[in-house]
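# Analysis of the macromolecular model
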Amino acid sequence: MSPLLRVVRAETPVAQRLGPRELVRLAAVSFDYGSGASVLADVSLTVAERQFVGVVGPSGSGKTTLLRTILGSARPCSGSVLRRDGLRVAYVPQVESVDWSFPVTVGECVLMARPSDRRRPWASAPERREVAVVLERLGLNGLAGRHIRELSGGQQQRVFIARALMRRPQLLLMDEPTSGVDARLRHEILHLLDDLNAAGLAIVLTTHDLNGIAAHLPRLVCLNRRVVAAGRPADVLRPDVLEETYGASMQVLEHAGMPVVIDGFQRERPVSSPPRIHTPREHARLRLGAR
Amino acid sequence: MIADLLAPLDFEFFRNGLIVATLAGGLCGLIGVYVVLKGMSYIGHGLSHAIFGGFAASSLLGVSFVLGAGAWGIASALMINAVTRRRTIGADAAIGVVTTASFALGLVLFALFGGVGRSFDAALFGSILGVSGGDVLLVGGICLAAGALVFLRYRDLLFTTFDPEVAEASGVSTARIDALLMVVLAAAILATMQVLGVTLVAATLVIPPTVARMLTSSFSRMLGLSTAIGAACGFVGMNLSYHLDVQSGPAIVLVGALLFAAVFVWTGARAALRDTRHGRLASA
């Protein structure tokens with residue numbers, strides 16, 4: 001059995017059994033990277049079948065660590081992580097972390113993640129068909145032979161989703177799928193994820209984008225090392241929760257039934273004009289004048 | 001003319017050297033793909049220097065060169081691998097410590113006790129005079145083992161090289177794959193050291209994959225191309241070294257360097273030509 005599927009049990013036995021629809025349950029999970037400063041503190045969370053959960057929180061709030069804990073690549077220092085037996089989880093890393101000059105074609109990239117006991121480098125006929133089906137599903141047909149850098153931003157993101165889907169996951173974890181993308185691309189990715197979720201895939205993603213992504217998701221977890229709040233966007237995107245999560249004051253308006261978060265930060269107007277840069281001669285004149 | 005070209009093949013030492021140079025060149029071309037893509041070129045360079053320590057120690061103790069230097073090399077490789085997996089020490093600095101210390105130890109041992117058997121120069125710059133029939137079999141065996149590893153663990157190796165974190169999360173044992181790769185790298189360096197010498201081994205690890213990368217963007221094709229280029233450089237360089245009457249190591253490396261320069265210019269010119277055509281289309 002791969003380490004991914006192993007049930008990690010730490011010292012304290014809490015809530016040992018999963019509900020019938022639950023995929024993963026974290027009970028009182030704490031984590032630190034060995035330096036003593038905790039990254040996650042007493043986090044309890046369940047992910048059930050077909051759920052679509054967004055994790056929001058400031059930088060360094062433990063979002064990525066939470067994903068890695070659900071995935072099993074980070075082991076909690078205390079608390080327990082229960083996974084359904086035989087649960088298949090797939091992970092899509094941040095696009096920024098990909099080495100785009102690496103010589104790998106779309107087809108090779110998608111195929112590398114396919115779990116297989118096959119002891120030959122090249123793909124079998126069923127594997128090639130499987131790749132073609134996944135690429136078609138994500139609108140990438142005909143691109144299998146292209147280098148990953150030759151694609152558009154949206155296509156690049158979809159290649160890594162395709163690679164994850166090759167594992168036939170029941171749960172998809174995505175780290176910041178929309179960081180650094182424009183509005184059109186954000187919609188494209190959100191629609192795609194929505195379709196995958198409607199087809200039965202549970203998704204947990206992290207995001208910085210409160211209005212563009214988080215407000216559109218069915219369920220949110222506000223994280224700042226601990227779970228500040230969890231629930232529907234309308235319930236958790238509130239000034240008090242956001243202030244506790246981000247440590248900064250924010251205002252929330254409502255537009256067409258959806259919460260819209262406004263950053264409360266207001267720049268103080270500069271009182272005097274900014275200092276201008278003097279030419280050497282002006283500088284000399286000023287100094288002479290001062291003397 | 002043809003008789004002239006074939007003349008060196010009459011000597012057994014040359015035939016052995018030619019086979020070893022070709023096989024080892026191909027082997028280093030293959031392993032070099034992973035070395036270059038993982039950004040470990042410096043490790044290859046350092047490891048060959050580290051093995052020099054084992055070389056000196058083995059000639060001092062009178063044990064077989066392959067046994068002594070091999071064990072030493074694999075130990076250094078695993079040590080480097082362990083050090084690079086720890087984050088607190090800068091990997092490059094740690095590698096620098098391990099490998100230069102080992103190289104220095106080799107120099108000291110040679111200075112104090114003198115070399116037995118293979119000469120100091122041969123270790124540094126390569127010599128084909130000492131390549132025996134047994135060495136040919138050994139290098140052939142290392143090639144087979146390395147080839148089998150790359151063949152059987154192709155996907156895990158690719159996944160680990162491209163995306164170690166996600167590979168680990170997907171159930172690939174990246175620690176084991178990394179360790180395996182280091183052992184194979186040590187073996188490849190050992191195989192190549194006889195004909196190339198400590199100081200030039202790194203070139204056979206770096207030049208073929210770099211040339212192959214300029215010619216293709218597919219990983220599988222890069223593996224094949226790099227192996228072929230490495231083998232061809234070994235074969236051509238070894239022949240040239242006879243006809244020009246220079247050492248084998250520098251001849252092989254210079255053939256690779258010339259190929260690199262030619263492909264660099266050619267791919268650059270091709271890209272420039274394509275850009276001007278596109279430019280014309282765009283302005284038309």
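Above: the structure in question.
Since we're looking at a predicted model, the values are computed, not measured.

Scoring rules and cut-offs
- Each residue is numbered by its place in its chain's sequence as written, counting from 1.
- Starting at A for chains and at 1 for ligands, labels are handed out in the order in which the entities are written.
- Totals for whole chains, interfaces and linings use all residues, but because this is a predicted model, local features are given only for residues with pLDDT of at least 70 and pairs of side-chain atoms are given and counted only at 80 or more.
- Working from all heavy atoms in the structure, the side-chain values ignore hydrogens and water.
- Secondary structure elements follow DSSP: runs of H or I of four or more residues count as helices, runs of E of two or more count as strands, with numbering from the N terminus.
- The reference for a compact globule is 2.2 Å times residues^0.38; the radius of gyration itself is calculated from the C-alpha atoms.
- A 1.4 Å probe rolled over the protein chains alone gives each residue an accessible area, and that area as a share of the maximum for its type sets the label: buried under 20%, exposed over 50%, partly exposed in between.
- For this analysis, residues touch if any pair of their heavy atoms sits within 4.5 Å.
- All accessible-area figures derive from a Shrake-Rupley calculation using a 1.4 Å probe, and residue coverage is judged against the displayed protein chains alone.
- Polar contacts, as used here, are pairs of N or O atoms within 3.5 Å; protein pairs need one atom able to donate a hydrogen and one able to accept it. Residues neighboring in sequence count only if both atoms are side-chain atoms.
- Within 6.5 Å between ring centres, the rings of Phe, Tyr and Trp (the latter by its six-membered ring) count as paired, and their orientation is classed by plane angle as stacked under 30 degrees, edge-to-face over 60, tilted in between.
- For two strands to be treated as a pair, DSSP must find at least two bridges joining them.
- A fitted line through C-alpha atoms serves as each axis, taken over the contacting stretch for helices, and the angle formed by two N-to-C directions is quoted from 0 to 180°.
- Patches here: salt-bridge-free residues with over 30% relative accessible area, like charges joined within 9 Å, nonpolar side chains (Val, Leu, Ile, Met, Phe, Trp, Tyr) joined within 5 Å.
- Each reported salt bridge corresponds to a side-chain nitrogen of Lys or Arg within 4 Å of a carboxyl oxygen of Asp or Glu.
- In this analysis the probe radius is 1.4 Å and the grid spacing 1 Å, with only protein atoms considered; a cavity is a set of points the probe fits into but cannot get out of, a pocket is an open set with protein on both sides within 12 Å along at least five of seven lines, and lining residues have an atom within 4 Å of a point.
- Grid points are joined across faces, edges and corners, and a volume is the space filled by probe spheres set on the points.
- Residues are grouped as follows: nonpolar covers Ala, Val, Leu, Ile, Met, Phe, Trp, Tyr, Cys and Pro; charged covers Asp, Glu, Lys and Arg; every other residue, Gly included, is treated as polar.
- Joining through side-chain atoms within 4.5 Å is the link that ties buried Ala, Val, Leu, Ile, Met, Phe, Trp, Tyr and Cys residues into a set, and such a set is a nonpolar core.
- To estimate how far a helix should reach, multiply one less than its number of residues by 1.5 Å.
- What the bend at a residue measures is the angle between two axes, fitted to the seven residues ending there and to the seven starting there.

## Topic: the overall build of chain B
A tally of regular secondary structure across chain B gives 13 helices and zero strands. In terms of overall size, chain B behaves like a compact globule, its C-alpha atoms giving a radius of gyration of 20 Å where 284 residues would be expected to give roughly 19 Å. Across its three principal directions, the C-alpha atoms of chain B cover 75 × 60 × 30 Å. The buried share of chain B, taken over its 284 residues, is 50%. Taking as baseline every contact in chain B between residues at least 6 positions apart, the subset at least 24 positions apart corresponds to 75%. For chain B, the exposed surface amounts to about 12700 Å²; the carbon and sulfur share of it is 71%.

## A look at the environment of Gln155(A)
Residue and element names in this part refer to chain A. With respect to the helices and strands, Gln155 occurs in helix 4 (residues 153-165). With 35 residues separating them in the primary sequence, Gln155 and Leu190 have C-alpha atoms 14 Å apart. In contact with Gln155, not counting residues within four places along its chain, are Leu140 and Leu143. Within the structure, the side chain of Gln155 is placed 2.9 Å from the backbone nitrogen of Ser152, a separation counted as a polar contact.

## A word on the packing of aromatic side chains
All names here are of chain B. With the rule as written, the count across this model stands at twelve aromatic pairs over all chains. With a centroid separation of 5.7 Å and an interplanar angle of 40°, the aromatic rings of Phe11 and Phe13 are classed as tilted. Taking the centre distance of 6.4 Å and the plane angle of 40° together, the rings of Phe11 and Tyr242 count as tilted. Placement of the pair is Phe11 in the loop between helix 1 (2-6) and helix 2 (12-37) and Tyr242 in helix 12 (residues 219-244), with a sequence separation of 231 residues. According to the relative accessible area criterion, Phe11 is partly exposed, its value standing at 39%.

## Regarding the sheet that holds strand 6 (residues 171-175) of chain A
Residues and elements named next belong to chain A. One open sheet holds the six strands; their spatial order is 5-6-7-3-8-9, and the pairing between them is mixed. If you trace the sheet from one side to the other, it starts and ends with strand 5 (89-92) and strand 9 (226-231), each paired once. On average, each strand axis in the sheet is inclined to that of its neighbour by 20°, with strand direction left out of account. Docked against the sheet, helix 1 (residues 63-71) engages strand 3 (52-56), strand 5, strand 6, strand 7 (202-207) and strand 8 (219-224), running at close to 155° with respect to strand 6.

## Remarks on a nonpolar patch on the surface
Residues and elements named next belong to chain B. Residues Leu60, Leu61, Val63, Val108, Leu112 and Phe113 make up a contiguous nonpolar surface patch of about 590 Å² in total accessible area. For the nonpolar patch, the secondary-structure elements that each account for two or more residues are helix 3 (41-61) and helix 5 (91-113). Here the nonpolar patch takes three residues from helix 5, the largest share from any one element. Summarising the element assignment, Val108 is placed in helix 5.

## With respect to the sheet that holds strand 2 (residues 38-48) of chain A
Hydrogen bonds between backbone atoms are what pair the strands of a sheet, whose relative direction is either parallel or antiparallel. Residues and elements named next belong to chain A. Reading across from one edge, 2-1-4 is the order of the three strands in this open sheet, with antiparallel pairing throughout. In the strand order of this sheet, the two ends are held by strand 2 and strand 4 (78-83), each with one partner. Between one strand axis and the next, the sheet turns through 15° on average, direction left out of account. Sheet topology places strand 1 (residues 22-32) next to strand 4; five bridges connect them, and they run antiparallel.

## Quick word on empty space enclosed by the protein
Under the definition given, this model contains three cavities of 30 Å³ or more. In this model, the largest cavity occupies a volume close to 80 Å³. Around the largest cavity sit Gly25(B), Ala203(B), Thr204(B), Ile207(B), Pro208(B), Gly230(B), Cys233(B), Gly234(B), Ile252(B), Val253(B) and Gly256(B), which together line it. Among the secondary structure elements, those contributing two or more residues to the lining of the largest cavity are helix 11 (201-215), helix 12 and helix 13 (248-283) of chain B. Examining the composition of the lining of the largest cavity, we find that four residues originate from one element, helix 11 of chain B, more than from any other. Broken down by class, the residue content of the lining of the largest cavity amounts to six nonpolar, five polar and no charged. By volume, the second largest cavity amounts to about 40 Å³. The dominant element in the lining of the second largest cavity, judged by the number of residues it contributes, is helix 4 of chain A, at three residues. Across the lining of the second largest cavity, the residue classes break down as seven nonpolar, one polar and two charged.

## Description of the nonpolar core
Of all hydrophobic cores here, the largest spans 167 residues; its most connected members are Leu171(A), Leu193(A) and Leu185(B). If one sorts the elements of this core by residue count, helix 10 (residues 174-196) of chain B sits on top with 14 residues. Discounting chain neighbours no more than four positions away, the residues touching Leu185(B) are Ile31(B), Val35(B), Met40(B), Ile43(B), Gly44(B), Leu47(B) and Leu205(B).

## A short note on the pairing of strand 7 of chain A
Residue and element names in this part refer to chain A. Counting buried residues in strand 7 gives six out of six residues, a clear majority hidden from the surface. Along strand 7, one buried face is formed by Ala202, Val204 and Thr206 and the opposite face, lined by Ile203, Leu205 and Thr207, is buried too. Taken together, the five bridges between strand 3 and strand 7 define a ladder with parallel strand orientation. Among the inter-strand pairings, Val53 is bridged to a residue of strand 7, identified as Val204. Looking at chain direction, strand 6 and strand 7 are connected through five bridges and run parallel. By the bridge assignment, Met174 is partnered in strand 7 with Leu205.

## Notes on helix 2 of chain B
Residue and element names in this part refer to chain B. Here helix 2 contains 26 residues, and its C-alpha end-to-end distance of 37 Å stays within 8% of the 38 Å for a straight helix at 1.5 Å per residue. The largest bend in helix 2 amounts to roughly 35° and is located at Ile31. Burial analysis of helix 2 places 19 of its 26 residues in the buried class, the great majority of the element. Looking one or two residues past helix 2, Gly39 carries a phi angle of roughly 70°, positive in sign.

## Topic: helix 10 of chain B
Residue and element names in this part refer to chain B. With 23 residues, helix 10 ought to run about 33 Å at 1.5 Å a step, and its terminal C-alpha atoms sit 31 Å apart, in line with that. For helix 10, the tally of buried residues reaches 18 of 23 residues, placing the bulk of the element in the interior. Positive phi shows up at Gly197, right after helix 10, with a value of about 85°.

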